[in-house]
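Letter by letter, the chains look like this.
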Amino acid sequence: MFLEVKNISKKFKSQQVLKEICFDVDAHQTLSVLGKSGCGKSTLLKIIAGIETADGGMVNLQGQNVLALPAQERKIVYLFQEALLFPNMNVFENIAFGLKIRNTEKHIIKTKVKDMLSQLELDGFDKKMPHELSGGQKQRVAFGRALILNPPLILLDEPFSSLDVETRSNMQQLYKKIAKEYQITALFVTHDLKEALLMGDKICYMENGVLEVYKDKQSFIRSEKTGVQNEINFWNNL
């Protein structure tokens, strides 16, 4: 198993935020984590990334319990809702940043960044500064900066939630395309029902710190708690 999470728990003071969370993800698979705000989704990602510590449990990535490692040694990329680009660097420099700090040769950096810009449909944007970009373009650059390092796992924390409907749809389609081409393994956190169904190869639902993983999309759709049936009833009763 590529990623295996076992019995992860977390308490903040008297509040139990995560309760014995267990799931697994195969290589090159995206797991959608659906849930309302405050249910514990982001806390789970932060524990896997090393931003928060767990009270108990294991996170095995490619056979290694990464909870024993500092965040910088886990080689896991965390993408937030905001792109968080370096404001003093242009698009090329932002995407190339990780390669530069790894002392990659300049000609290799140039080739890889050029290819990435093409994949992200950002040809000709290499000299643009972050303040010159739209929200969707900023998120594309953030994706490029993450993907160019070829991380074993990407954690996406509602990355499209601040975008308008059309841009969000475009980014969802772009992610599906890039995930396939780069064979991405990812956790995709969202509070949007349709996005969870669209983005995930597998889907789980989190409520009050408890995670339920569905064996397939039909099981998810049939479940009363996920909200799919309410959505179907709404449209059927119009």
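Criteria and thresholds
Throughout this document, residue positions are counted from 1 along each chain, in the order its sequence is written. This being a predicted model, a pLDDT of at least 70 is required before a residue's local features are given, and a value of 80 or more before pairs of side-chain atoms are given or counted; all residues contribute to the totals for chains, interfaces and linings. Side-chain numbers here rest on the full set of heavy atoms in the structure, without hydrogens or water. For the purposes of this entry, the term helix denotes a DSSP run of H or I that reaches at least four residues, the term strand denotes a run of E that reaches at least two, and both are numbered from the N terminus. Put simply, the radius of gyration uses C-alpha atoms, and a globule should come to 2.2 Å times the residue count raised to 0.38. Throughout this description, buried means an accessible area under 20% of the type-specific maximum (1.4 Å probe, protein chains only), exposed means over 50%, and partly exposed covers the range between. By definition in these notes, contact holds between two residues if any of their heavy atoms fall within 4.5 Å. Only four residue types enter the tally: Lys and Arg on the positive side, Asp and Glu on the negative side, with His and both chain ends excluded. Working definition for charges: the position is that of NZ of Lys, CZ of Arg, CG of Asp or CD of Glu. The salt bridge criterion pairs a side-chain nitrogen of Lys or Arg with a carboxyl oxygen of Asp or Glu, the two atoms within 4 Å. Whether two strands pair comes down to DSSP finding at least two bridges between them. Helix axes use the C-alpha atoms of the stretch in contact, all axes being lines fitted to C-alpha atoms, and the angles between their N-to-C directions lie in the range 0 to 180 degrees. Patch membership needs two things, relative accessible area over 30% and no salt bridge, and members are linked within 9 Å if like-charged or within 5 Å if nonpolar (Val, Leu, Ile, Met, Phe, Trp, Tyr). For every accessible area listed, the method is Shrake-Rupley and the probe measures 1.4 Å; residues are considered covered only by the protein chains on display. In this analysis, rings of Phe, Tyr and Trp, with Trp reduced to its six-membered ring, are considered paired at centre separations within 6.5 Å, and the interplanar angle assigns stacked below 30 degrees, edge-to-face beyond 60, and tilted for intermediate values. Any pair of N or O atoms that falls within 3.5 Å is considered a polar contact. Within protein, one atom must be able to donate a hydrogen and the other to accept it, and sequence-neighbouring residues count only if both atoms are side-chain atoms. Here the expected length of a helix is defined as 1.5 Å per residue gap, with one fewer gap than residues.

Q: Even after reading the chapter, I still don't get the overall build of the protein chain, so can you show me in this structure?
A: What the protein chain contains, in helices and strands, is nine helices and ten strands. For 238 residues, the compact-globule estimate of 2.2 N^0.38 gives 18 Å, and the protein chain sits close to it at 18 Å. Out of the 238 residues belonging to the protein chain, those deemed buried represent 46%. If you take every contact in the protein chain between residues at least 6 apart in sequence, the share linking residues at least 24 apart comes to 68%. Side-chain charges of the protein chain comprise 31 positive and 28 negative groups, with the mean position of each set lying 3 Å from the other.

Q: Explanation requested: the pattern of salt bridges in the structure shown.
A: Here the idea is simple: oppositely charged side chains can pair when their charged atoms come close. Tallied over the entire structure, the rule returns seven salt bridges. The partner of arginine 140 in a salt bridge is glutamate 121, with the nearest N and O atoms 3.3 Å apart. Remark: glutamate 121 occurs in the loop between helix H4 (106–119) and helix H5 (135–147) and arginine 140 occurs in helix H5; sequence separation between them is 19 residues. Here lysine 127 and aspartate 126 are joined by a salt bridge, their closest N and O atoms 3.6 Å apart. On the basis of relative accessible area, lysine 127 is assigned to the exposed category, the value being 67%.

Q: What am I meant to see in the sheet that holds strand S5 (residues 64–65) here?
A: The pairing of strands in a sheet comes from backbone hydrogen bonds and takes either a parallel or an antiparallel form. In spatial order, the strands read S2-S1-S4-S5; together these four strands make up an open sheet with antiparallel pairing. Strands at the two margins of the open sheet, each flanked by one partner only, are strand S2 (15–25) and S5. Where strand S1 (residues 3–12) lies against S2, seven bridges are found, and the strand directions are antiparallel. Each residue of the ladder has a partner; that of glutamate 4, found in S2, is aspartate 24. Its contacts with the sheet put helix H1 (residues 41–49) on S1, S2 and strand S4 (56–61), and the angle it makes with S2 is roughly 65°.

Q: I would appreciate a short explanation of a nonpolar patch on the surface in the present structure.
A: Nonpolar side chains collect at one region of the surface, where Ile51, Phe80 and Leu84 lie side by side and expose about 280 Å² of accessible area between them. Relative to the assigned elements, phenylalanine 80 resides in the loop between strand S6 (76–79) and helix H3 (91–101).

Q: Any chance you could explain the packing of aromatic side chains here in plain terms?
A: For any pair of aromatic rings, geometry is given as the distance between the ring centres together with the angle between the planes. Overall, the coordinates contain seven aromatic pairs when judged by the stated rule. Between the aromatic rings of phenylalanine 160 and phenylalanine 188, the centroid separation amounts to 5.7 Å while the plane-to-plane angle is 55°, which identifies the pairing as tilted. With phenylalanine 160 in the loop between strand S7 (153–157) and helix H6 (165–181) and phenylalanine 188 in strand S8 (residues 186–190), this pair connects stretches of sequence that are 28 residues apart. Residue phenylalanine 160 is classed as buried on the basis of its relative accessible area, which comes to 0%. Phenylalanine 188 sits in the buried class, given a relative accessible area of 0%.

Q: Which parts of the structure should I look at to understand the sheet that holds S8?
A: The six strands lie next to each other as S6-S7-S8-S3-S9-S10, forming an open sheet whose pairing is mixed. The sheet terminates laterally at S6 and strand S10 (210–214), the two strands that pair on one side only. Recorded for the sheet is a direction-independent mean angle of 20° between the axes of neighbouring strands. Pairing between S7 and S8: four bridges, direction parallel. What sits directly across from leucine 156, in S8, is phenylalanine 188. Against the sheet, H5 touches S6 and S7, its axis set at about 175° to S6.

Q: I would appreciate a short explanation of the side chain of serine 32 in the present structure.
A: Along the chain, serine 32 turns up in strand S3 (residues 30–34). Take serine 32: its relative accessible area is 0%, and that puts it in the buried class. Polar side-chain contacts of serine 32 include one of 2.8 Å to the backbone oxygen of alanine 196.

Q: Would you mind showing me how to read H5 here?
A: Count 3.6 residues to each turn of an α-helix, and residues three or four apart come out pointing the same way. The end-to-end C-alpha separation of H5 is 18 Å, in line with the 18 Å expected for 13 residues at 1.5 Å each. With ten of its 13 residues buried, H5 lies for the most part within the structure. If you check which residues of H5 are buried, you get Gly136, Gln139, Arg140, Val141, Ala142, Phe143, Gly144, Arg145, Ala146 and Leu147. Elements that come into contact with the buried residues of H5 comprise S6, H3, H4, S7 and H6.

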